[in-house]
Amino acid sequence: MTFYDQVRQAADYIRECTDLRPRTAIILGSGLGELAEHIQDAEIIPYREIPGFPASSVAGHAARLVFGRIGENEVVAMQGRFHYYEGYSMKELCLPLYVLRQLGVEDLVVTNACGAVNAAFAPGDLMLITDHINFSGRNPLIGSNDERFGPRFPDMSEAYDKGLGAFARETAASLEIPLQEGVYAFYSGPSFETAAEIRAFKALGADTVGMSTVPETITAVYLGMRVLGLSCITNMATGIAEKKHSHEEVLLTASKSAERFCALCDALLRDWPAGESF
Ligand code: HPA
């Protein structure tokens with residue numbers, strides 16, 4: 001079966017499960033899955049039931065699509081995502097985005113838990129991603145290109161949509177939620193970075209570092225989607241603070257920030273500006 005047929009098959013299956021046709025999707029990062037509880041009239045589809053979908057295996061991640069509404073707006077949340085360090089190819093882990101695009105999704109909110117390289121940031125801060133550095137040497141679009149999805153050489157000069165960034169800034173200000181801004185560097189993991197790697201990231205212009213988001217953003221832009229990126233800073237990166245890292249600490253700090261994170265995402269998705277208005 002071709003990749004295109006695999007995407008079509010998964011999309012056909014989902015169309016049978018729900019009549020909702022959201023234009024906005026959100027990928028919920030580690031410890032941030034609670035937002036799914038804000039979705040009204042939820043219709044849940046476990047990943048394992050969708051033909052061809054990978055199955056998530058990381059602690060702190062559920063593994064399901066949650067369709068429903070926030071206010072008047074139809075949304076779909078990916079509660080649980082796939083990571084490169086789990087052993088998937090970058091293309092495989094981005095399959096859900098191809099499927100969501102096929103279902104009519106136009107805009108993507110991508111969220112994550114990450115470490116702060118910028119010493120002015122603190123654990124618990126939320127950050128608007130203004131740009132990224134793909135430090136993996138890999139790209140999810142490597143391989144033959146199917147023009148039905150997107151172009152061979154997609155432009156990345158505005159990977160994170162400026163209009164959506166302005167909308168996030170205004171929404172955060174109206175809720176009095178402080179929002180940092182910066183560049184997210186992608187590190188494959190699953191080991192955390194060394195102190196020397198973090199010094200290198202700093203010199204390269206990174207403000208945060210994490211193990212997700214970049215493959216998904218590249219794919220979403222390729223597919224013609226607008227992307228808004230939001231990070232929850234769960235720890236200072238290696239060497240920025242002396243503390244050792246653990247996944248438990250990441251989940252704990254993310255869950256402490258979840259209230260503000262959910263309030264922001266709820267407001268964003270409730271008042272989401274449809275594509276035409278920009
Ligand atoms: N590094 C990489 N990924 C992360 C971190 C980190 O410090 N914190 C949360 N995800």
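Before reading on, note that the structure itself is shown above.
Residues numbered from 1 in each chain as written. Predicted model: local features only at pLDDT ≥ 70, side-chain atom pairs only at ≥ 80, totals over all residues. Heavy atoms only, no water.

Enquirer: Provide a residue-level description of the overall build of the protein, including the pertinent values.
Expert: Each helix and strand in the protein was counted, giving 7 helices and 9 strands. A globule of 278 residues ought to have a C-alpha radius of gyration of about 19 Å, and the protein, at 17 Å, matches this closely. Of all 278 residues assigned to the protein, the portion counted as buried reaches 54%. The long-range share in the protein, meaning contacts at least 24 apart out of those at least 6 apart in sequence, stands at 83%. A total of about 11,800 Å² of accessible surface is found on the protein, and carbon and sulfur atoms cover 50% of it. One finds the centroid of the 23 positive side-chain charges in the protein at a distance of 4 Å from the centroid of its 36 negative side-chain charges. (Helix = DSSP H or I, 4+ residues; strand = E, 2+ residues; numbered from the N terminus. Rg over C-alpha atoms; globule rule 2.2 N^0.38 Å. Buried < 20%, exposed > 50% of the residue type's maximum accessible area, 1.4 Å probe, protein only. Contact = heavy atoms within 4.5 Å. Areas by Shrake-Rupley, 256 points an atom, 1.4 Å probe, with all protein chains shown as cover. Lys, Arg positive; Asp, Glu negative; His and termini not counted. Charge placed at Lys NZ, Arg CZ, Asp CG, Glu CD.)

Enquirer: Run through the packing of aromatic side chains, naming residues and quoting values.
Expert: In total, this model carries 11 aromatic pairs according to the counting rule given. Both rings, one in Tyr-47 and one in Phe-82, keep their centres 5.2 Å apart while their planes meet at 45 degrees; by these two values the pair is tilted. A residue pair is termed long-range when its members are at least 10 positions apart, and Tyr-47 in the loop between strand S2 (40-46) and strand S3 (64-70) and Phe-82 in the loop between strand S4 (73-79) and helix H2 (90-93) qualify at 35 residues. Both residues of the pair, Tyr-47 and Phe-82, belong to the buried class. Here Tyr-98 and Phe-149 contribute two aromatic rings whose centre-to-centre distance is 4.8 Å and whose plane-to-plane angle is 80 degrees, an arrangement assigned as edge-to-face. Here the residue Tyr-98 occupies a position in helix H3 (residues 95-102), and Phe-149 occupies one in the loop between strand S6 (126-134) and helix H4 (162-174), the gap between them amounting to 51 residues. Residue classification places Phe-149 among the buried positions, given a relative accessible area of 10%. Following the ring pairs from residue to residue traces out a cluster consisting of Phe-3, Tyr-4, Tyr-98, Phe-149 and Tyr-222. Positioned above the aromatic ring of Phe-3, the side-chain terminus of Lys-91 is 4.5 Å from the ring centre. (Phe/Tyr/Trp six-rings, centres within 6.5 Å; stacked < 30°, edge-to-face > 60°. Lys NZ or Arg CZ within 6 Å of the ring centre and 35° of its normal.)

Enquirer: An account of unusual backbone geometry is needed here, citing residue identities and associated values.
Expert: Cis geometry marks the peptide bond from Gly-189 to Pro-190; its omega dihedral reads 5 degrees. Positionally, Pro-190 belongs in the loop between strand S7 (179-186) and helix H5 (195-204). The phi dihedral of Glu-176 is positive, around 60 degrees, even though this residue is not glycine. The exposure class assigned to Glu-176 is exposed, which follows from its relative accessible area of 72%.

Enquirer: So what's going on with the site of the ligand? Residues and values would help.
Expert: If you check the shell around the ligand, you find Ala-113, Cys-114, Gly-115, Phe-192, Glu-193, Val-209, Gly-210, Met-211, Thr-234, Asn-235 and Val-250 and nothing else. With respect to the ligand, the backbone of Gly-115 contributes an N or O atom lying 3.4 Å from a nitrogen atom. Relative to its free-state accessible area of 260 Å², the ligand is covered by the protein chains to the extent of 95%. Ranked by the residues each element gives to the shell around the ligand, the list is headed by strand S5 (residues 107-116), at 3 residues. Here the shell around the ligand is composed, by residue class, of 6 nonpolar, 4 polar and 1 charged. (Near = heavy atom within 4 Å. Polar contact = N/O pair within 3.5 Å; in protein donor to acceptor, adjacent residues only side chain to side chain. Nonpolar A, V, L, I, M, F, W, Y, C, P; charged D, E, K, R; others polar.)

Enquirer: Requested: an account of the nonpolar core, with residues and values cited.
Expert: Ranked by size, the top nonpolar core spans 52 residues in total, and within it Leu-65, Tyr-98 and Val-99 carry the most contacts. In terms of residues, this core owes the most to one element, helix H1 (residues 3-17), which gives 6 residues. If near-sequence neighbours (up to four positions away) are discounted, Tyr-98 is found in contact with Phe-3, Val-7, Lys-91, Leu-141, Phe-149, Thr-219, Tyr-222 and Leu-223. (Core = buried A, V, L, I, M, F, W, Y, C linked by side-chain atoms within 4.5 Å.)

Enquirer: Let's hear about the packing of H1 against H3: which residues, and what values?
Expert: One way to put it is that H1 packs onto H3 with a least axis distance of 9 Å and a crossing angle of 60 degrees. Classified by the angle their axes make, H1 and H3 are oblique. The way H1 lies across H3 gives a crossing that is right-handed. Contact residues: Phe-3, Tyr-4, Gln-6, Val-7, Arg-8, Ala-10, Ala-11, Ile-14 and Arg-15 in H1; Leu-95, Tyr-98, Val-99 and Gln-102 in H3. Broken down by class, the residue content of the contact of H1 with H3 amounts to 9 nonpolar, 2 polar and 2 charged. (Axes fitted to C-alpha atoms, helices over the stretch in contact; angles between N-to-C directions. Parallel < 35°, antiparallel > 145°, perpendicular 65-115°, else oblique. Left-handed = near helix turned anticlockwise from the far one by under 90°.)

Enquirer: With reference to specific residues and values, describe H4.
Expert: The end-to-end C-alpha distance of H4, which contains 13 residues, comes to 18 Å, matching closely the 18 Å that a straight helix rising 1.5 Å per residue would cover. For H4, every residue scored as buried is listed here: Gly-163, Leu-164, Gly-165, Phe-167, Ala-168, Thr-171 and Ala-172. The inward-facing, buried residues of H4 contact S6, S7, strand S9 (226-236) and helix H7 (247-270). Positive backbone phi, approximately 60 degrees, marks Glu-176, located one or two places after H4. (Expected span 1.5 Å × (residues − 1).)

Enquirer: Just give me the short version of the state of the cysteines, but keep the residues and values in it.
Expert: Tallied over the entire structure, the rule returns 0 disulfides. No disulfide involves Cys-232; its nearest neighbouring cysteine sulfur is the one of Cys-114, lying 7.4 Å away. Residue Cys-232 is classed as buried on the basis of its relative accessible area of 0%. Free of any disulfide, Cys-265 has its nearest neighbouring cysteine sulfur in Cys-262, separated by 6.8 Å. A residue is classified by how much of its surface remains accessible, and Cys-265, at 1% relative accessible area, is buried. (Disulfide = S-S within 2.5 Å.)

Note that all results are geometric; they support no functional claim without further evidence.
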